[in-house]
Amino acid sequence: MSARTSMCDSDVLVIGAGPTGLAAAADCVRAGLGVTIVERGATVGGLARSAEIAGFEIDPGGHRLLATTARQRRAWSELADDLGRLPLHTVGRRSGILRRGRVLSYPVDWPQFAQVTPWGTRLRAAASMAHRRVRPLPDEDSLSAWVRNRYGDYLTNALMDPHARKVFGVEPTDIPAAWAAQRIAVPPLRGVLKAALPRLPYCHHAPTEADHFLYPDGGLGRLWSRFAESLAGSNLLFGSHPVAIGRADSGELSVAVSGPGGSSTITARRIISTAPAEDLASCIGLTSLSARLAHHAIRRDLIVALVRLSSLPRMWANYQWLYTHDLGVRANRFQNYSAWRGLACPPGLIGLEYTVPSGHTPDYTDQVHRDLSIIYGGEYELLGFDTLSNAYANFEATRGLLDELDAELSGFGPGLLSTGRPGAGVYINLDQALRLGRRAASVPAGYSGVLGGGEYSSYQERQ
């Protein structure tokens, strides 16, 4: 069967139907512009999409609607109202670190740490932290050094560094300190030293919630689906991606798109690309720059294995996330979906997360069984897998190349905009993603370049 070729015109072509792309498309539609959205996947939401496995609706990326500030709460409330008063649940965020059968709350709750950790471990942690507070590493330019100067060598070696290696596939000495400073809490030395004291008998401490977030009824998939349905008059093409971008005789941008029905050509006055920067560089013929971006980004995919346990261990209850650091466990964390209000998942439904080099699709069935034999030991059923492509990347390593792409786009001529940066993925807050999309839509039509290529954004806003 030969490929079909068709033509269509649009005022604005948006590449990618994640939160940033949807927000850009919505503002363009409100401005009265004709919009076409091309999405490589089969659904909207990007890395914040939902997935259905064995009849269960889950959110493999574990995104939530941060609600620490009044601005964040107002933004999500207004969006939910605009989308038909979609109910939002308030959920207390609780994360933990699973190590040798014990769960440590994270960010570390030091009174809880004192209750669940042996005295020798607490003493080593406190001594190591005190040592680094007195004699810090002079060159604090990496994640590992930043953490060592605040948590000490003992906890860094036992918890922080192994997690970074699992998730990012690189040494923590190659991850910039700026990343850590935006996302890791600084522990109080007084609290750590107090936690090292012998436990009092019959002393019980209930770990506190780190903060609260909002979560849509039915999961994030329902939020983004309603968002897409609200874009009246726009054209949404699933399973499609651009392969080349040039100029038509009229001066408009001409985009060759590969889709399920064959090839098509879309002409548009503006293009807003939320795709990876190397993909856009390739589309305009910058093959060398594209290859360098891809090489330095070190992109990684996220594989999620959905498992139903016969019974959920009591210590795991009420935690949305548990990071795993037991020796021999390949999963970097798992999600306890029953603790996500709005998903209506039964107790014992968990998602083990693995990161692999982008484009690799190994069968992780045997690894899931090995991991569960270490961290669980009971009966369970493996229900299936889902993969989020390009979930992680090294943003800092590509910043100079993004500046180079910005200059190339400026020279390409008006109307070609990129918001896709390596390292955005699951580490950009959803409210920030919406603001980035709206910013892209408001940029003058004659502008070409890269947005969102500056410093790391704050992981959590504060009042």
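Conventions we followed
- Residues numbered from 1 in each chain as written.
- Predicted model: local features only at pLDDT ≥ 70, side-chain atom pairs only at ≥ 80, totals over all residues.
- Heavy atoms only, no water.
- Helix = DSSP H or I, 4+ residues; strand = E, 2+ residues; numbered from the N terminus.
- Expected span 1.5 Å × (residues − 1).
- Contact = heavy atoms within 4.5 Å.
- Buried < 20%, exposed > 50% of the residue type's maximum accessible area, 1.4 Å probe, protein only.
- Arc of directions from axis to C-beta.
- 1 Å grid on protein atoms, 1.4 Å probe; cavity = no way out; pocket = protein on both sides within 12 Å on 5 of 7 lines; lining within 4 Å.
- Points joined across faces, edges and corners; volume = space filled by probe spheres on them.
- Nonpolar A, V, L, I, M, F, W, Y, C, P; charged D, E, K, R; others polar.
- Axes fitted to C-alpha atoms, helices over the stretch in contact; angles between N-to-C directions.
- Parallel < 35°, antiparallel > 145°, perpendicular 65-115°, else oblique.
- Left-handed = near helix turned anticlockwise from the far one by under 90°.

(A) Just helix α12 (residues 399–412), in detail. An ideal rise of 1.5 Å per residue puts 20 Å on 14 residues; α12 measures up with 20 Å between its terminal C-alpha atoms. Looking at the buried residues of α12, the elements they touch are α9 (277–283), α10 (287–297), β19 (416–418) and β20 (449–450). Two residues or fewer past α12, Gly413 is found with a positive phi of approximately 115 degrees.

(B) Geometry of helix α2 (residues 70–82). For α2, built from 13 residues, the straight-helix expectation of 18 Å at 1.5 Å per residue is met to within 8% by its first-to-last C-alpha distance of 18 Å. Three or more residues of α2 are buried, namely Gln72, Trp76, Leu79 and Ala80. Buried residues of α2, viewed axially, fall in a sector of 100 degrees; they line one side. In the core, the buried residues of α2 are packed alongside β5 (65–66), β6 (88–93), β9 (211–216), α8 (220–229) and α13 (430–442). Where α2 ends, the next residue or the one after it, Gly84, has phi of about 90 degrees, a positive value.

(C) How the structure looks around the layout of surface pockets. Its boundaries defined by the atoms lining it, the largest pocket holds a volume of some 1100 Å³. As for the largest pocket, its lining consists of 48 residues, of which Gly46, Leu47, Thr274, Ala275 and Pro276 are closest to the centre. Every element with two or more residues in the lining of the largest pocket is listed here: α1 (19–30), β2 (35–39), β11 (241–247), α9, β18 (380–392) and α13. Counting residues per element, the lining of the largest pocket draws most heavily on β18, at six residues. Here the lining of the largest pocket is built from residues that sort into 22 nonpolar, 19 polar and seven charged.

(D) Region of interest: the packing of α1 against α13. At their nearest, the axes of α1 and α13 sit 7 Å apart, and the two run at 40 degrees to each other. Taken together, the axis directions place α1 and α13 in an arrangement best described as oblique. Considering only the axes of α1 and α13, their crossing is right-handed. Facing Pro19, Thr20, Ala23, Ala24, Asp27 and Cys28 of α1, the residues of α13 in contact are Leu430, Ala433, Leu434, Leu436, Gly437, Arg438 and Ala441. When the residues that make up the contact of α1 with α13 are grouped by side-chain class, the tally is nine nonpolar, two polar and two charged.

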